[in-house]
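# Report on the structure
Letter by letter, the chains look like this.
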Amino acid sequence: MSKKRLGSTLLAGVMILGTLAGCSNNTNGSASSSAAGGDSSAATGGIVTVDFWSAPNKVQFNFWTEKAKAFNETKATVNGKTIEVKVQEMPESPSSEAGIQNAIVTGTIPAASENISRSFASTLAASGAVYELQDEQWFKDAVAQKQIDSIISGWAINSKQYVLPEYVNPMTWQWNSKALKALGFTKVPETVDDLDAVLKAFVANKSKMKDIGVTHTLYRPALLRSDQWWERWYDFQGPYMALSQKTSWVDNGKLTLDRQGAIDTFEFLGKFGNTIQTNEITDLWTAEKPSVLVSVSAPWDIQTLTEAGKKYGLDGDYVFGPSLVKKNGDTPYNFADSKGIVVYKNSSISDEEHRGVIEFLKWVYSAENCTQSDVDWLKATTMLPVRGDISTNSAFTDLLNNSPALKDLVEFSKYSVPCMASEKMREIQTALTESGLSSYIQEAMKQEPLNAPDASKAVDNAFNAMKSAGGLN
């Protein structure tokens, strides 16, 4: 949920310092032998103390603290010693990723943590800092319990699994319901033609829109910010995948973006023209009269909007809509703001600590506890757990019926795709904006809506820059 992303720090010094263990994986979840330099004091008094890091926010920390407390009460053991899981929030400054990298180098890394994206997992895996999970029985069992066999392949990194997906925020569109209604629309747009009709109506009814406080169509300050590289997940990746029906950016050292799909995406954003709002608005959707027609959705704000008295739905204040596709029947792919759990491989983590954290994760996602763990997660965070049965499992029925917003997001989550598995993601996405998207949007903002300039040159410039920045073919 934290919006701070990968820092510029890389793991270049990790192998030099020799802090990473060379242990091999096996199917029972324990390393082949105790790692050299392991903390023997952790087992003093017949207790194995196991560290687990939560994301740097209170709701996730509280969730994992409660799970650790319940697990500790089972008095599970390893080598005859009682396992005691301790939870703390991972450091967030300058970013959680940088905090993890520093902990690896200094030997203060926990046995496992959550809050890991597919891309950052790729960085960790390349340095040997995390265990492969695909052959671990507890991992296979968790995948089966969550019914995510068809989803887990999207998390693969070089055909291997390093992350147990934990939550997904489908990033689609958040519409101003009152504005849509005032323009005469009774459903959210689903296709590009639907969007064109809405924009045409907006241009023809600017005075009516001003009466209800709406001065712009699309709110997206980040479109002009190359330094906010992660924002390309939200405003480029989702529309690109929906419009091109392709889901890959980078694969095996090659830029796999479809040129025409990228052109269509640039021009899709360019359609909004001079009605794009690029000034920052802190109370955009909690204001009495939101000043925009649509923005990229922020599912984690549902609770905040509810507390502000905002009603969800077409007859309310705001409503989520799917990624817009070219034609009915196309798959409305969207970006999965999604992270998961990894198990760290480090000389500072003893064999007993490693085995202890596996027992903890095995317990949380066991046949007996998995569904309840995910129900508790949803209650605590209002973020959707990654499950294939969430819309059909009766354990979630009441929660979803009480939150129409989450119920809609469940449907969108079926088409959510995580970020690319590339160590150069920051450089690639920075180049996309710096050499193509930002300058194109500046040109588009000189035009009236529905008059998007030709994006061919901007896309070609962006592709060349991305290949160079990422060392891609």
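Described in the following lines is the structure provided in the data block. Worth saying up front: this structure is predicted, and the values here are computed from it rather than measured.

Thresholds applied
Residues numbered from 1 in each chain as written. Predicted model: local features only at pLDDT ≥ 70, side-chain atom pairs only at ≥ 80, totals over all residues. Heavy atoms only, no water. Helix = DSSP H or I, 4+ residues; strand = E, 2+ residues; numbered from the N terminus. Rg over C-alpha atoms; globule rule 2.2 N^0.38 Å. Contact = heavy atoms within 4.5 Å. Areas by Shrake-Rupley, 256 points an atom, 1.4 Å probe, with all protein chains shown as cover. Lys, Arg positive; Asp, Glu negative; His and termini not counted. Charge placed at Lys NZ, Arg CZ, Asp CG, Glu CD. 1 Å grid on protein atoms, 1.4 Å probe; cavity = no way out; pocket = protein on both sides within 12 Å on 5 of 7 lines; lining within 4 Å. Points joined across faces, edges and corners; volume = space filled by probe spheres on them. Nonpolar A, V, L, I, M, F, W, Y, C, P; charged D, E, K, R; others polar. Pairing = 2+ DSSP bridges. Axes fitted to C-alpha atoms, helices over the stretch in contact; angles between N-to-C directions. Parallel < 35°, antiparallel > 145°, perpendicular 65-115°, else oblique. Left-handed = near helix turned anticlockwise from the far one by under 90°. Salt bridge = Lys/Arg side-chain N within 4 Å of Asp/Glu carboxyl O. Buried < 20%, exposed > 50% of the residue type's maximum accessible area, 1.4 Å probe, protein only. Phe/Tyr/Trp six-rings, centres within 6.5 Å; stacked < 30°, edge-to-face > 60°. Lys NZ or Arg CZ within 6 Å of the ring centre and 35° of its normal. Core = buried A, V, L, I, M, F, W, Y, C linked by side-chain atoms within 4.5 Å. Polar contact = N/O pair within 3.5 Å; in protein donor to acceptor, adjacent residues only side chain to side chain.

Attention now moves to the overall build of the protein chain. When its secondary structure is counted, the protein chain shows 18 helices and 14 strands. Relative to the globule expectation of 23 Å for 473 residues, the C-alpha radius of gyration of the protein chain, 23 Å, shows essentially globular dimensions. For the protein chain, the spread of C-alpha atoms along the three principal axes comes to 75 × 50 × 35 Å. A fraction of 78% describes how many contacts in the protein chain between residues 6 or more apart in sequence connect residues 24 or more apart. For the protein chain, the accessible surface area stands at approximately 18900 Å², while carbon and sulfur atoms represent 46% of it. Between the averaged position of the 45 positive side-chain charges in the protein chain and that of its 54 negative side-chain charges there is a distance of 3 Å.

With that out of the way, let us pick up empty space enclosed by the protein. Inspection of every chain in the model, using the stated rule, returns five cavities of 30 Å³ or more. Taken as a whole, the second largest cavity spans an internal volume of roughly 60 Å³. Residue contributions to the lining of the second largest cavity peak at five residues, all from strand E12 (residues 334-343). For the lining of the second largest cavity, the class distribution of residues is six nonpolar, two polar and three charged.

Glancing now at the sheet that holds strand E11 (residues 318-321). Backbone hydrogen bonds are what pair the strands of a sheet, in a parallel or an antiparallel way. Sheet architecture is open: four strands sit in the order E7-E10-E6-E11, paired in mixed fashion. The open sheet is flanked by strand E7 (216-219) and E11, the only strands paired with a single partner. Sheet twist, expressed as the mean angle between neighbouring strand axes with direction ignored, is 20 degrees. The sheet contacts of helix H8 (residues 192-204) involve strand E6 (173-176), E7 and strand E10 (292-296), and relative to E7 the element is tilted by about 135 degrees.

This paragraph deals with the packing of helix H3 (residues 96-106) against helix H4 (residues 118-126). At their nearest, the axes of H3 and H4 sit 12 Å apart, and the two run at 15 degrees to each other. Relative to H4, the element H3 is oriented roughly parallel. Between H3 and H4 lies a crossing whose hand is right-handed. Along the contact surface, H3 presents Glu97, Ile100, Gln101 and Ile104, while H4 presents Phe120, Thr123 and Leu124. Tallied by class, the residues present in the contact of H3 with H4 amount to four nonpolar, two polar and one charged.

All right, on to the pattern of salt bridges then. One pass over the structure, following the stated rule, counts 21 salt bridges. Put simply, arginine 387 and aspartate 389 hold a salt bridge, and the shortest N to O gap is 2.8 Å. Taking relative accessible area as the criterion, aspartate 389 reaches 6% and is therefore assigned buried. Note that lysine 414 and glutamate 411 form a salt bridge whose closest N and O atoms lie 2.8 Å from each other. Judged by its relative accessible area of 36%, glutamate 411 is partly exposed. By sharing partners, the salt bridges in this structure join Lys146, Asp374, Arg387 and Asp389 into a single network.

So, about unusual backbone geometry. The omega torsion of the bond from serine 93 to proline 94 falls at 0 degrees, within 30 degrees of zero and hence cis. In this fold, proline 94 is placed in the loop between strand E3 (81-89) and H3. Of note in this structure, serine 159 is not a glycine but carries a positive phi near 70 degrees. Tracing the backbone through its elements, the reader meets serine 159 in the loop between helix H6 (149-152) and strand E5 (164-171). Here the phi dihedral of threonine 382 falls at roughly 55 degrees; this positive angle occurs in a residue that is not glycine.

Turning our eyes to something else, we now look at the packing of aromatic side chains. Scanning the entire structure with this criterion turns up 23 aromatic pairs. Ring geometry for phenylalanine 52 against tryptophan 64: centres 4.6 Å apart, planes inclined by 40 degrees, an arrangement best described as tilted. Pair noted here: phenylalanine 52 is in strand E1 (residues 47-54) and tryptophan 64 is in helix H2 (residues 58-72), with a separation of 12 residues, a long-range link. Taking relative accessible area as the criterion, tryptophan 64 reaches 0% and is therefore assigned buried. Three or more aromatic residues link up through ring pairs in this structure, and these residues are Phe52, Phe63, Trp64, Phe71, Tyr167, Phe360, Trp363 and Trp377. Seen from the ring of tyrosine 131, lysine 345 lies directly overhead, with NZ or CZ sitting 5.1 Å from the centre.

Bringing the nonpolar core into the picture now. Formed by 142 residues in total, the largest nonpolar core has its most connected members in Trp64, Ile100 and Trp175. Ranked by residues supplied to this core, first place goes to helix H17 (residues 425-444) with eight residues. For tryptophan 64, the contacting residues outside a window of four places in its chain are Phe52, Ser54, Val87, Glu114, Glu166, Ile341, Phe360, Val364, Tyr365 and Trp377.

Right, let's talk about the environment of tyrosine 219 for a bit. Here tyrosine 219 lies in strand E7. Distance from tyrosine 219 to isoleucine 276, taken between C-alpha atoms, is 5.9 Å for residues 57 residues apart in sequence. For tyrosine 219, the side chain forms a polar contact with the side chain of glutamate 280, separated by 3.4 Å. A distance of 2.9 Å separates a polar side-chain atom of tyrosine 219 from the backbone nitrogen of isoleucine 281.

This brings us to the layout of surface pockets. For the second largest pocket, the calculated volume is near 690 Å³. If you go around the second largest pocket, you meet 26 residues; those closest to its centre are Tyr219, Arg220, Glu231, Ala298 and Asp301. Among the elements of the structure, E10 and helix H12 (302-307) are those that each provide at least two residues to the lining of the second largest pocket.

What follows deals with the side chain of asparagine 334. Inspection of the secondary structure puts asparagine 334 in strand E12. Separated by 2.6 Å, the side chains of asparagine 334 and serine 416 make a polar contact. Ignoring anything within four residues of it in the chain, the contact list for asparagine 334 reads Pro170, Met171, Thr172, Gly238, Met241, Ser323, Phe412, Tyr415, Ser416 and Val417.

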